[in-house]
Structure formats: structure tokens, C-alpha cells
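Chain and residue survey
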Amino acid sequence: MSDHAPTAPRLRVAPSPTGDPHVGTAYMSLFNLAFARQQGGRFVLRIEDTDRARFREDSEQQVFDTLHWLGLQWDEGPDVGGPYAPYRQSERLETYRPYVERLLADGKAYHCWCSTERLAQMREVQQKSKQPTGYDRLCHGRTQAERAELPGYTPTPVVRMLVPDDVELSFDDLIRGRVSAPRPDDQVILKADGFPTYHLAVVVDDHEMGITHVVRGEEWISSTPKHILLYRWLRLEPPQWAHMPLLRNPDKSKISKRKNPAARLTWFQEQGYLPEALVNFLALLAYPPKAGEDGEDVEVFSFEEFSKDFDWRKVNPVGPIFDLKKLDWLNGVYLRRLEVGQLASRLLPYLQRDGVLPAQPSLGQLARLGRVAELIQTRMVLLSEATALVAPFYSADDEIEVADDARAQLKEDSGAVLGAALEALSDLDDSREGLLASGSRWNAEAIEASLRSAIVEGMGIKPKLAFGPLRTAVSGQRISPPLFESMEILGKTSTLARLSRLRDALAER
Ligand code: GLU
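The paragraphs below set out a description of the structure included in this document.

Turning our attention to the overall build of the chain. Summing up its helical and strand segments, the chain has 22 helices and eleven strands in all. At 32 Å, the chain has a C-alpha radius of gyration far larger than the 23 Å of a compact globule built from 509 residues. Projected onto the principal axes, the alpha-carbon positions of the chain cover approximately 100 × 55 × 40 Å. The buried share of the chain, taken over its 509 residues, is 50%. Long-range pairs, those at least 24 residues apart, make up 75% of the contacts in the chain with a sequence separation of at least 6. Accessible surface, the chain: about 24,500 Å² in total, of which carbon and sulfur atoms supply 50%. The positive charge centre, built from 63 side chains, and the negative charge centre, built from 73, are 5 Å apart in the chain.

Now the structure itself:
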């Protein structure tokens, strides 16, 4: 029986700020958080910044921003504080020192003065002679003076664990059951610069911060025996472990930031994925869909629904394929579910980023955005795709640039089609009274009716071909939001100006 009083679970995610946050950080956070929320526990964000060579200044803020964006909120962390602050390892150096002293005093760890050159040489010899690689313990049992007599010496030592022959190599994992890991070598725990390595810092901090469940990527399985050893030597209660599978590309390779833009969390933001769609997508990676009422798979669900019946035993340890097509599908589902006003506000930052709208849009511009958003809601998968569709609504009439593919589609008779459209549309009434009256007023329905009668019936051109030149004149694009509704939103003056501008340009050719 455990002599510990049952406490609410405490979980953590512990990213290293070494560049753009990896999508794996969001994946780990989601599963940690789902369990923490279900159990009424706490979720901690700890920044593991002891690797000073790989440290990147802006990375920590990006971790905060991307996790906030996804709505994966932590209860304690460097920015919000908490009872175990500081939550940045570089600010906790004093915390680790006594643990190192204790391990040295107990003979569980020893100083090592070997130079990097000597270690590299040693490894080369081991590899050539096909011996297992690992530190050869040249420094073990020697004083500094004794060691200094031998080659490959540096005066500033590191501290290494003295891994015993009978080190425990297997452990229980909440996802995988009993897991075995390879034998570790004499791992460095304190570096020459006085910083702990990950292995020491993670054990000390998980203990000091009362972490009950360590949930992290599969790549840490081989480190777990070292951690278990440290817990034992320091006489600390170890946490429970859950090693999540690694996310894989469709060719089964590991997702890496170097090769795959989708490994970067900021990429999803840039592309215009909705955070709720990405969270839903991540929740389906290595985790089964929900069962619907009549037994069918339900793949669209919220974080709360995911968290409610979350169970570690349902996580599939086989690396799930990171299939962006699935994410695109989910994004479309969530996009179409948004109310138009919400869609417009989600679009706004993208349109501002891409220079379609200014930082402080006018009320008129915002009102127009609401109307345009409705037109394009079913016509995009990503928010960033709105830029091309929306831009023509905010361009001056004489600034519409005709895209090459749109120009290529124009035919001999395009000028005549534009002329007929101009004539037909000039009869529609766009005065205040006209807009309110029924009949020949300026609205999509009347625009369509008069264009059909002038071009399809009047000129005998098939509808498929009839409206291409008009679309190009109005938007500059071959594909655009619905044409008649677009003309209604643009208004009569703009529409006619754009039609005649293209007609005149064609006449000059
Ligand atoms: N700092 C480690 C990382 O970046 C955390 C590993 C762990 O959760 O123990 O992945």
C-alpha cells in the first residue's frame, strides 16, 4: 500500500525553447491536459532551457502564443506563476546543486575531466571495433591530480552517473504496459558550464513540482531507466509514465521541423487552420474516434468531449500518420460551422496580414467583410485562402489585376459579352428607392435575370461561358465568390466601372 495520501494528479509539458514550437508540443499538451482536466488535476508548463547551445530567445514566447491559440491553457507556468515557481530551469540552478552533491557523496556519481577530443576518440575506437559505445570510466575512482597526469584532461569537470550493472531496464507504462529500454551508459548529469543536463533537471523538477504523471514522447523511453535510477538513488517517489507515440509522415518517417513545414506549430496558424480543428485532429492521432448513438464513428468533437472519457489504455502506441488531408477536411467542417460574424473576425487578421485590410478598418469595410464572408464560407478550406477571394472587394476599380489564367480564358467575343452586360445592368436601379422597391433593383437576383436575358438568351452564349469575362472583370480571377452576389455587394458604380475597364482594355488589343 502506498503511504502517500491520494492527491489530485499533476501533469506537465516541458518544451525546450530551441526554435519554433514543434507540433508534438501541442500533441503532448493536449493529452496531458485532457487527463488533468478529467481528474480535476493541474497542468503545468515548464520551460526546459538548460541546453544553452540550442536556446533561442523568441522560442518561449512562441510556445506561450501557440498553446494559447489552441486553447490549451496551463494552470502554472513561467508567465502565470504558481506554488513551485520558477518554472524555467535556467532560473532553478540552485535547486539542482544539492541533489548533485548528494549523489557525489553517496558514490552514485563521479567527476569526469575527459576532454571532448578524448571522448570523440574513444567513441571512434569503440565504433571501429564494434564495441558498445559509452563512457569507459577513465576518471572513475581518480582524484583530479591523478587524472591530470593522463592524456585528454580538462580542468573543468562534468558529473556522471555511475550506472550499476544491475540497472533496472524495464518499467510500467500507462499506454504500453511493461516496457524495456536499452542499458544506459554513465550519463552526464551536470555539465562543465554548471547547468544540469535534461536527465537530472527533469527528475528533480518533476519531483519538486509534485508531478504524478510524466506524459511525453516515445523518444524518451530510452532515458527512463536513467530517471528511475535517479529517483531510487535520491529516495524519491517516481511518477507514473506514459510515452506517447511519435507522429509520422505518410512515408512513416518521423515528423521533423527541418523537412516538414507542418512540424512547426506556427505553420498551422500561418496557413489559417482553426485552432479547434487542429485540436480535434490531434485528438484523433493514435486515439479512436468516439462512438455515436447508432454505433458509427464520430470524428468531430470538442476538447471537453475528448477529456470527459479520456483513457490512457485507448492510446495506440503505433506512431499515427499525420495526414493533412484529414485536417483539411476537419478545418472545412469547423469553418462551415462558424457564424458569419465569427468567420469575419477570424478572417480579419489574415486579411490585415496580407494587406487587404488596414490595421484599423472602417465600419464600412467591416460591414462589407460580413457580407463577403457569407459568400465565401463554403469556398475555402483555410482562412488564408480568403485573401485572394476577398481582395477584389477592397481594391479600387482601376486596380483590379487580371490573373494570367483568367486572361487566358477570355475569348474573341469577351468584349461583346462585357458590352452587353454593361448595357443590361445600366438599366437596374440602385437608388435608395430602387433598392427597396421590387422589380428591376440592384440585387443578385435582378442582376442575374438581366444578365441571363442579355447574354445567354440575347447572344446565345452558354451560361458556362457567358459569365467568365464578367467574373474576370469584377475580380481579376478565374475563380471567385458567386458572381451576382459579388456584384450586388460591390454596387452598381463599381461593377460597371470594372466591366467597362476590361472591355476597353480588350478593345485596345
Ligand atoms: N524537454 C523535453 C523535450 O523538449 C521534455 C521531455 C519530457 O517531457 O520529459 O521534449
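More follows now that the structure is in view.
Moving on to the layout of surface pockets. The volume enclosed by the largest pocket comes to roughly 1,200 Å³. Taken together, 40 residues line the largest pocket, and the ones lying closest to its centre are Ser 16, Thr 18, Arg 54, Glu 219 and Trp 220. For the lining of the largest pocket, the elements supplying multiple residues, two or more each, are β1 (10–13), α1 (23–38), α2 (59–69) and β8 (213–217). A per-element tally of the lining of the largest pocket places α1 first, with four residues.

Attention now moves to the environment of Thr 18. Within the fold, Thr 18 resides in the loop between β1 and α1. Between the C-alpha atom of Thr 18 and that of Glu 48, which follows or precedes it by 30 residues, the distance is 9.6 Å. What Thr 18 contacts, discounting residues up to four positions off in sequence, is Arg 54, Arg 56 and Ser 59.

So, on to the packing of helix α18 (residues 444–459) against helix α21 (residues 483–490). The relative placement of two packed helices is expressed as an angle between their axes plus a distance between the axes. Relative to each other, α18 and α21 sit at 120 degrees, their axes nearing to 8 Å. If you check the angle between α18 and α21, you find them oblique. Relative to α21, α18 is oriented so that their crossing is right-handed. In contact with Ala 444, Ile 447, Glu 448 and Leu 451 of α18, α21 contributes Phe 484, Glu 485, Met 487 and Glu 488.

A full pass over the atoms with the stated rule returns 33 salt bridges. Shared partners join several salt bridges into a network, and the residues in it are Arg 12, Arg 46, Glu 48, Arg 92, Asp 205 and Asp 206.

Further remarks concern the site of the ligand. Close to the ligand lie Arg 12, Ala 14, Ser 16, Glu 48, Tyr 198, Val 202, Arg 216 and Trp 220, which account for all nearby residues. In this structure, Glu 48 approaches the ligand through a side-chain N or O atom, which is 2.6 Å from a nitrogen atom. For the ligand, whose accessible area on its own is 300 Å², the fraction buried by protein is 83%. In the shell around the ligand, the residues fall into four nonpolar, one polar and three charged.

What counts and what doesn't
- Residues numbered from 1 in each chain as written.
- Predicted model: local features only at pLDDT ≥ 70, side-chain atom pairs only at ≥ 80, totals over all residues.
- Heavy atoms only, no water.
- Helix = DSSP H or I, 4+ residues; strand = E, 2+ residues; numbered from the N terminus.
- Rg over C-alpha atoms; globule rule 2.2 N^0.38 Å.
- Buried < 20%, exposed > 50% of the residue type's maximum accessible area, 1.4 Å probe, protein only.
- Contact = heavy atoms within 4.5 Å.
- Areas by Shrake-Rupley, 256 points an atom, 1.4 Å probe, with all protein chains shown as cover.
- Lys, Arg positive; Asp, Glu negative; His and termini not counted.
- Charge placed at Lys NZ, Arg CZ, Asp CG, Glu CD.
- 1 Å grid on protein atoms, 1.4 Å probe; cavity = no way out; pocket = protein on both sides within 12 Å on 5 of 7 lines; lining within 4 Å.
- Points joined across faces, edges and corners; volume = space filled by probe spheres on them.
- Axes fitted to C-alpha atoms, helices over the stretch in contact; angles between N-to-C directions.
- Parallel < 35°, antiparallel > 145°, perpendicular 65-115°, else oblique.
- Left-handed = near helix turned anticlockwise from the far one by under 90°.
- Salt bridge = Lys/Arg side-chain N within 4 Å of Asp/Glu carboxyl O.
- Near = heavy atom within 4 Å.
- Polar contact = N/O pair within 3.5 Å; in protein donor to acceptor, adjacent residues only side chain to side chain.
- Nonpolar A, V, L, I, M, F, W, Y, C, P; charged D, E, K, R; others polar.

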